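The primary structure of each chain is shown beneath.
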Amino acid sequence: MSPSFDVVELATTYANKSAQDILKLAFAEFGDDLWISFSGAEDVVLVDMAWKLNKNVKVFSLDTGRLHPETYRFIDQVREHYKIEIELVSPDHTKLEPFVKEKGLFSFYKDGHGECCGIRKIEPLRRKLSSVKAWATGQRRDQSPGTRSAVAVMEIDTAFSTPERTLYKFNPLAQMTSEEIWGYIRMLELPYNSLHERGFISIGCEPCTRPVLPNQHEREGRWWWEEATQKECGLHAGNIISKSKA
(Lines give C-alpha, C1' and ligand atoms only; values in the text may rest on other atoms or scores of the structure.)
Protein backbone atom coordinates (compact mmCIF):
# COMPACT_ATOMS: atom_id res chain seq x y z
CA MET A 1 0.00 0.00 0.00
CA SER A 2 1.33 3.42 -0.91
CA PRO A 3 1.96 5.94 1.90
CA SER A 4 -0.48 8.33 0.23
CA PHE A 5 -3.45 5.95 0.49
CA ASP A 6 -6.08 8.07 2.25
CA VAL A 7 -9.21 5.93 2.33
CA VAL A 8 -11.54 8.76 3.34
CA GLU A 9 -10.37 11.07 0.58
CA LEU A 10 -10.35 8.29 -2.00
CA ALA A 11 -13.85 7.19 -1.01
CA THR A 12 -15.05 10.66 -1.98
CA THR A 13 -12.99 10.74 -5.17
CA TYR A 14 -14.22 7.31 -6.26
CA ALA A 15 -17.82 7.68 -5.04
CA ASN A 16 -19.20 7.91 -8.58
CA LYS A 17 -16.61 5.83 -10.41
CA SER A 18 -17.31 2.40 -11.86
CA ALA A 19 -16.95 -0.82 -9.90
CA GLN A 20 -14.07 -1.76 -12.20
CA ASP A 21 -12.23 1.48 -11.40
CA ILE A 22 -12.63 0.82 -7.68
CA LEU A 23 -11.30 -2.72 -8.09
CA LYS A 24 -8.37 -1.45 -10.16
CA LEU A 25 -7.44 0.87 -7.31
CA ALA A 26 -7.82 -1.94 -4.78
CA PHE A 27 -5.53 -4.25 -6.75
CA ALA A 28 -3.04 -1.44 -7.39
CA GLU A 29 -2.80 -0.69 -3.67
CA PHE A 30 -3.04 -4.20 -2.20
CA GLY A 31 -2.29 -6.66 -4.99
CA ASP A 32 -2.37 -10.24 -3.73
CA ASP A 33 -3.30 -9.02 -0.25
CA LEU A 34 -6.80 -8.23 -1.54
CA TRP A 35 -9.37 -10.99 -1.03
CA ILE A 36 -12.81 -11.17 -2.64
CA SER A 37 -15.71 -12.29 -0.45
CA PHE A 38 -18.16 -14.49 -2.36
CA SER A 39 -21.49 -15.27 -0.71
CA GLY A 40 -23.02 -17.53 -3.30
CA ALA A 41 -25.50 -14.95 -4.56
CA GLU A 42 -25.04 -11.95 -6.88
CA ASP A 43 -21.40 -11.61 -5.77
CA VAL A 44 -20.58 -13.51 -8.96
CA VAL A 45 -20.52 -10.05 -10.60
CA LEU A 46 -17.76 -8.97 -8.21
CA VAL A 47 -15.84 -12.19 -8.88
CA ASP A 48 -16.19 -11.70 -12.64
CA MET A 49 -14.93 -8.11 -12.54
CA ALA A 50 -12.04 -8.99 -10.24
CA TRP A 51 -11.02 -12.04 -12.29
CA LYS A 52 -10.88 -9.97 -15.46
CA LEU A 53 -8.40 -7.66 -13.73
CA ASN A 54 -6.39 -10.38 -12.01
CA LYS A 55 -6.60 -14.02 -13.09
CA ASN A 56 -4.96 -15.01 -9.79
CA VAL A 57 -7.63 -13.29 -7.73
CA LYS A 58 -8.08 -14.68 -4.23
CA VAL A 59 -11.66 -15.61 -3.32
CA PHE A 60 -13.16 -16.98 -0.13
CA SER A 61 -16.64 -17.95 0.99
CA LEU A 62 -18.10 -18.69 4.41
CA ASP A 63 -19.41 -22.24 4.68
CA THR A 64 -21.73 -22.10 7.67
CA GLY A 65 -22.75 -25.73 7.30
CA ARG A 66 -26.36 -24.61 6.82
CA LEU A 67 -26.33 -23.36 3.22
CA HIS A 68 -28.81 -24.57 0.61
CA PRO A 69 -27.62 -27.46 -1.60
CA GLU A 70 -28.13 -25.09 -4.54
CA THR A 71 -25.65 -22.64 -3.01
CA TYR A 72 -22.97 -25.30 -2.61
CA ARG A 73 -23.46 -26.35 -6.22
CA PHE A 74 -23.29 -22.73 -7.35
CA ILE A 75 -20.00 -22.13 -5.52
CA ASP A 76 -18.56 -25.12 -7.36
CA GLN A 77 -19.95 -23.82 -10.67
CA VAL A 78 -18.14 -20.53 -10.16
CA ARG A 79 -14.95 -22.35 -9.23
CA GLU A 80 -15.13 -24.32 -12.48
CA HIS A 81 -16.26 -21.39 -14.64
CA TYR A 82 -13.26 -19.22 -13.72
CA LYS A 83 -10.80 -22.02 -12.95
CA ILE A 84 -10.04 -20.43 -9.59
CA GLU A 85 -9.76 -21.68 -6.05
CA ILE A 86 -12.50 -20.63 -3.66
CA GLU A 87 -11.39 -21.01 -0.07
CA LEU A 88 -14.26 -22.24 2.09
CA VAL A 89 -14.01 -20.96 5.66
CA SER A 90 -15.85 -23.11 8.21
CA PRO A 91 -16.92 -22.61 11.83
CA ASP A 92 -14.64 -23.69 14.67
CA HIS A 93 -16.03 -27.07 15.71
CA THR A 94 -14.89 -26.52 19.33
CA LYS A 95 -17.35 -23.61 19.50
CA LEU A 96 -20.07 -24.99 17.22
CA GLU A 97 -20.50 -28.44 18.77
CA PRO A 98 -21.18 -27.24 22.37
CA PHE A 99 -23.60 -24.61 21.02
CA VAL A 100 -25.59 -27.19 19.04
CA LYS A 101 -25.50 -29.67 21.95
CA GLU A 102 -26.93 -27.05 24.31
CA LYS A 103 -29.40 -25.25 22.06
CA GLY A 104 -30.10 -27.54 19.12
CA LEU A 105 -30.17 -26.60 15.46
CA PHE A 106 -32.97 -24.02 15.42
CA SER A 107 -32.55 -21.91 18.56
CA PHE A 108 -32.41 -18.73 16.46
CA TYR A 109 -36.19 -18.85 15.93
CA LYS A 110 -36.56 -18.24 19.68
CA ASP A 111 -33.38 -16.43 20.67
CA GLY A 112 -32.62 -14.43 17.52
CA HIS A 113 -29.94 -15.14 14.96
CA GLY A 114 -27.10 -13.31 16.66
CA GLU A 115 -25.51 -16.18 18.58
CA CYS A 116 -25.71 -18.67 15.73
CA CYS A 117 -24.33 -16.17 13.21
CA GLY A 118 -21.60 -15.29 15.68
CA ILE A 119 -20.35 -18.87 15.69
CA ARG A 120 -21.07 -19.85 12.08
CA LYS A 121 -20.19 -16.56 10.35
CA ILE A 122 -18.52 -13.86 12.43
CA GLU A 123 -15.85 -15.96 14.16
CA PRO A 124 -14.78 -17.69 10.92
CA LEU A 125 -14.71 -14.34 9.10
CA ARG A 126 -12.70 -12.70 11.89
CA ARG A 127 -10.26 -15.61 11.73
CA LYS A 128 -9.92 -15.23 7.96
CA LEU A 129 -9.57 -11.46 8.00
CA SER A 130 -6.94 -11.56 10.75
CA SER A 131 -4.37 -12.43 8.07
CA VAL A 132 -5.73 -10.12 5.36
CA LYS A 133 -4.88 -6.48 4.59
CA ALA A 134 -7.93 -5.70 2.47
CA TRP A 135 -11.11 -7.37 1.29
CA ALA A 136 -13.86 -6.60 -1.20
CA THR A 137 -17.53 -7.39 -0.75
CA GLY A 138 -20.62 -7.38 -2.94
CA GLN A 139 -22.57 -5.04 -0.67
CA ARG A 140 -24.96 -2.63 -2.38
CA ARG A 141 -26.88 0.32 -1.00
CA ASP A 142 -30.18 -0.94 -2.40
CA GLN A 143 -29.91 -4.28 -0.58
CA SER A 144 -31.07 -2.91 2.75
CA PRO A 145 -32.44 0.63 3.19
CA GLY A 146 -32.19 0.15 6.95
CA THR A 147 -28.50 -0.74 7.23
CA ARG A 148 -26.76 -0.41 3.86
CA SER A 149 -28.08 2.81 2.33
CA ALA A 150 -24.88 4.72 3.17
CA VAL A 151 -22.32 2.04 2.28
CA ALA A 152 -19.10 3.71 1.09
CA VAL A 153 -17.20 2.38 -1.92
CA MET A 154 -14.16 1.98 0.33
CA GLU A 155 -13.60 2.35 4.05
CA ILE A 156 -11.66 1.24 7.08
CA ASP A 157 -13.38 -1.86 8.39
CA THR A 158 -14.31 -0.73 11.89
CA ALA A 159 -15.77 -4.13 12.78
CA PHE A 160 -12.66 -6.21 12.09
CA SER A 161 -9.71 -3.83 12.39
CA THR A 162 -7.64 -4.08 15.56
CA PRO A 163 -5.48 -1.51 17.39
CA GLU A 164 -2.44 -3.23 15.85
CA ARG A 165 -3.77 -3.69 12.33
CA THR A 166 -5.98 -1.60 10.05
CA LEU A 167 -8.19 -3.60 7.69
CA TYR A 168 -9.41 -1.92 4.51
CA LYS A 169 -12.73 -2.80 2.95
CA PHE A 170 -13.88 -2.15 -0.61
CA ASN A 171 -17.51 -2.23 -1.74
CA PRO A 172 -17.16 -1.78 -5.52
CA LEU A 173 -20.81 -2.62 -6.26
CA ALA A 174 -22.17 -0.17 -3.65
CA GLN A 175 -23.95 2.12 -6.08
CA MET A 176 -25.13 -0.56 -8.50
CA THR A 177 -28.80 -1.53 -8.41
CA SER A 178 -30.25 -5.01 -8.45
CA GLU A 179 -31.45 -4.33 -12.00
CA GLU A 180 -27.92 -3.43 -13.09
CA ILE A 181 -26.48 -6.51 -11.40
CA TRP A 182 -28.90 -8.81 -13.18
CA GLY A 183 -28.37 -6.99 -16.47
CA TYR A 184 -24.65 -7.73 -16.11
CA ILE A 185 -25.30 -11.40 -15.27
CA ARG A 186 -27.64 -11.91 -18.21
CA MET A 187 -25.54 -9.98 -20.71
CA LEU A 188 -22.42 -12.01 -19.96
CA GLU A 189 -24.35 -15.24 -19.27
CA LEU A 190 -22.67 -15.69 -15.91
CA PRO A 191 -23.57 -18.64 -13.69
CA TYR A 192 -26.03 -17.83 -10.91
CA ASN A 193 -27.67 -19.56 -7.97
CA SER A 194 -30.72 -21.49 -9.18
CA LEU A 195 -32.62 -20.36 -6.05
CA HIS A 196 -33.05 -16.99 -7.74
CA GLU A 197 -35.45 -18.68 -10.17
CA ARG A 198 -37.67 -19.66 -7.22
CA GLY A 199 -38.17 -16.22 -5.73
CA PHE A 200 -35.09 -16.06 -3.50
CA ILE A 201 -33.29 -12.74 -3.80
CA SER A 202 -31.11 -12.35 -0.72
CA ILE A 203 -29.67 -15.81 -0.03
CA GLY A 204 -28.15 -16.90 3.26
CA CYS A 205 -28.47 -20.04 5.36
CA GLU A 206 -31.33 -22.39 4.47
CA PRO A 207 -33.33 -22.07 7.74
CA CYS A 208 -33.07 -18.27 7.71
CA THR A 209 -33.89 -17.54 4.07
CA ARG A 210 -37.19 -17.66 2.20
CA PRO A 211 -38.56 -16.34 -1.09
CA VAL A 212 -40.08 -12.87 -1.09
CA LEU A 213 -43.49 -11.91 -2.37
CA PRO A 214 -44.11 -9.33 -5.11
CA ASN A 215 -43.29 -5.79 -3.92
CA GLN A 216 -41.48 -7.06 -0.82
CA HIS A 217 -37.91 -5.88 -0.30
CA GLU A 218 -35.27 -8.57 -0.68
CA ARG A 219 -34.19 -8.39 2.98
CA GLU A 220 -37.71 -9.38 4.02
CA GLY A 221 -36.72 -12.89 3.03
CA ARG A 222 -34.02 -12.95 5.73
CA TRP A 223 -34.68 -13.50 9.46
CA TRP A 224 -38.32 -12.60 8.84
CA TRP A 225 -39.26 -13.24 12.48
CA GLU A 226 -37.06 -10.33 13.69
CA GLU A 227 -37.15 -6.55 13.53
CA ALA A 228 -35.91 -5.03 10.26
CA THR A 229 -33.21 -3.06 12.10
CA GLN A 230 -31.61 -6.35 13.19
CA LYS A 231 -31.24 -7.81 9.70
CA GLU A 232 -27.45 -7.87 9.60
CA CYS A 233 -25.61 -11.00 10.69
CA GLY A 234 -22.54 -9.10 11.88
CA LEU A 235 -20.38 -9.53 8.79
CA HIS A 236 -20.99 -5.87 7.99
CA ALA A 237 -21.56 -4.61 11.51
CA GLY A 238 -19.76 -1.42 10.57
CA ASN A 239 -22.88 -0.39 8.68
CA ILE A 240 -24.87 -0.32 11.90
CA ILE A 241 -22.04 1.39 13.78
CA SER A 242 -21.79 4.11 11.15
CA LYS A 243 -25.56 4.57 11.06
CA SER A 244 -25.73 4.95 14.85
CA LYS A 245 -23.12 7.75 14.70
CA ALA A 246 -24.95 9.64 11.96
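Residues numbered from 1 in each chain as written. Predicted model: local features only at pLDDT ≥ 70, side-chain atom pairs only at ≥ 80, totals over all residues. Heavy atoms only, no water.

- Looking at an unreviewed UniProt entry, one finds the protein named Adenosine 5'-phosphosulfate reductase, with Pseudomonas silesiensis as its source organism.
- Quoted straight from UniProt, the Subcellular location (unreviewed entry) entry for the protein says "Cytoplasm".
- The heading Catalytic activity (unreviewed entry) in the UniProt record of the protein holds the text "[thioredoxin]-disulfide + sulfite + AMP + 2 H(+) = adenosine 5'-phosphosulfate + [thioredoxin]-dithiol". (UniProt positions renumbered as here; feature names shortened; annotations may be inferred.)

### Re the packing of aromatic side chains
Link 1 in the chain: In the structure shown here, the tally under the stated rule is 13 aromatic pairs.
Link 2 in the chain: An aromatic cluster of three or more residues is present, and its members are F5, F30, Y168 and F170.
Link 3 in the chain: Across the ring face of W51, the terminal group of K55 is positioned such that the distance to the ring centre comes to 4.3 Å.
Link 4 in the chain: Sitting above the plane of the W35 ring, K128 keeps its charged end 3.2 Å from the centroid. (Phe/Tyr/Trp six-rings, centres within 6.5 Å; stacked < 30°, edge-to-face > 60°. Lys NZ or Arg CZ within 6 Å of the ring centre and 35° of its normal.)

### Considering the state of the cysteines
Working definition: the covalent bond between the sulfur atoms of two cysteines is a disulfide.
Link 1 in the chain: With the rule as written, the count across this model stands at zero disulfides.
Link 2 in the chain: With no disulfide partner, C205 has as its closest neighbouring cysteine sulfur the one in C208, 5.8 Å distant.
Link 3 in the chain: For C205, a relative accessible area of 11% corresponds to the buried category. (Disulfide = S-S within 2.5 Å. Buried < 20%, exposed > 50% of the residue type's maximum accessible area, 1.4 Å probe, protein only.)

### Describing the pairing of strand β2 (residues 58-62)
Link 1 in the chain: By the criterion of burial, β2 is predominantly enclosed, with four of the five residues buried.
Link 2 in the chain: In the sheet, strand β1 (residues 34-37) pairs with β2 via three bridges, with the strands oriented parallel. Looking across to β2, one finds that I36 is bridged to V59.
Link 3 in the chain: In this view, the connection linking β1 to its parallel neighbour β2 by way of helix α3 (residues 44-53) has right-handed handedness. (Helix = DSSP H or I, 4+ residues; strand = E, 2+ residues; numbered from the N terminus. Pairing = 2+ DSSP bridges. Right-handed = clockwise from strand over helix to strand, strands pointing away.)

### Structural notes on α3
An α-helical turn contains 3.6 residues, so a residue and the one three or four places further along point in the same direction.
Link 1 in the chain: Within α3, seven of the 10 residues are buried, which leaves the element mostly enclosed by the surrounding structure.
Link 2 in the chain: Residues of α3 that are buried make contact with α2 (19-30), β1, β2, α4 (69-82), β4 (134-136) and α8 (178-188). (Contact = heavy atoms within 4.5 Å.)

### Looking at the sheet that holds strand β3 (residues 86-89)
Link 1 in the chain: The six strands lie next to each other as β3-β2-β1-β4-β6-β5, forming an open sheet whose pairing is mixed. Edge positions in the open sheet fall to β3 and β5 (154-156), since each of these has one partner strand only. Direction aside, neighbouring strands of the sheet carry axes that sit 30 degrees apart on average.
Link 2 in the chain: By the bridge criterion, three bridges tie β4 to strand β6 (residues 168-170) in an arrangement that is parallel. Looking at β6, one finds that A134 is bridged to Y168.
Link 3 in the chain: Contacting β2 and β3, α4 runs over the sheet at an angle of about 155 degrees to β3.
Link 4 in the chain: Here helix α7 (residues 114-129) sits on the sheet and contacts β1, β2, β3 and β4; the angle it forms with β2, its principal contact strand, is near 160 degrees. (Axes fitted to C-alpha atoms, helices over the stretch in contact; angles between N-to-C directions.)

### Thoughts on the pattern of salt bridges
Link 1 in the chain: Scanning all chains against the criterion turns up 12 salt bridges.
Link 2 in the chain: The partner of D48 in a salt bridge is K52, with the nearest N and O atoms 2.9 Å apart. With D48 and K52 both in helix α3 and four residues apart, this pair spans about one turn of that helix.
Link 3 in the chain: Among the charged side chains, a network of salt bridges with common partners joins E42, R140 and D142. (Salt bridge = Lys/Arg side-chain N within 4 Å of Asp/Glu carboxyl O.)

### Comments concerning the nonpolar core
Link 1 in the chain: Ranked by internal contacts, the top residues of the largest apolar core, which has 44 residues, are F5, L34, I36, F38, V44, M154 and F170.
Link 2 in the chain: Elements with a contribution of two residues or more to this core: α1 (7-13), α2, β1, α3, α4, β4, β6 and α8.
Link 3 in the chain: Considering every element that reaches this core, the biggest residue donor is α2, with seven residues.
Link 4 in the chain: Aside from chain neighbours lying at most four places away, what touches M154 is F5, V7, L10, A11, Y14, I22, L25, K169 and F170.
Link 5 in the chain: By size, the runner-up hydrophobic cluster in this structure holds 12 residues, among which are V89, L125, W135 and L167. (Core = buried A, V, L, I, M, F, W, Y, C linked by side-chain atoms within 4.5 Å.)

### Observations concerning the packing of helix α5 (residues 93-103) against α7
Link 1 in the chain: It is the contact of α5 with α7, at a shortest axis distance of 11 Å, that shows an interaxial angle of 165 degrees. Comparing their axes, α7 and α5 come out roughly antiparallel. Handedness of the α5/α7 crossing: left-handed. Each of K95, L96, F99, V100 and K103 in α5 lies in contact with α7, whose residues at this interface are E115, C116, I119, R120 and E123.
Link 2 in the chain: Split into classes, the residues belonging to the contact of α5 with α7 amount to five nonpolar, no polar and five charged. (Parallel < 35°, antiparallel > 145°, perpendicular 65-115°, else oblique. Left-handed = near helix turned anticlockwise from the far one by under 90°. Nonpolar A, V, L, I, M, F, W, Y, C, P; charged D, E, K, R; others polar.)

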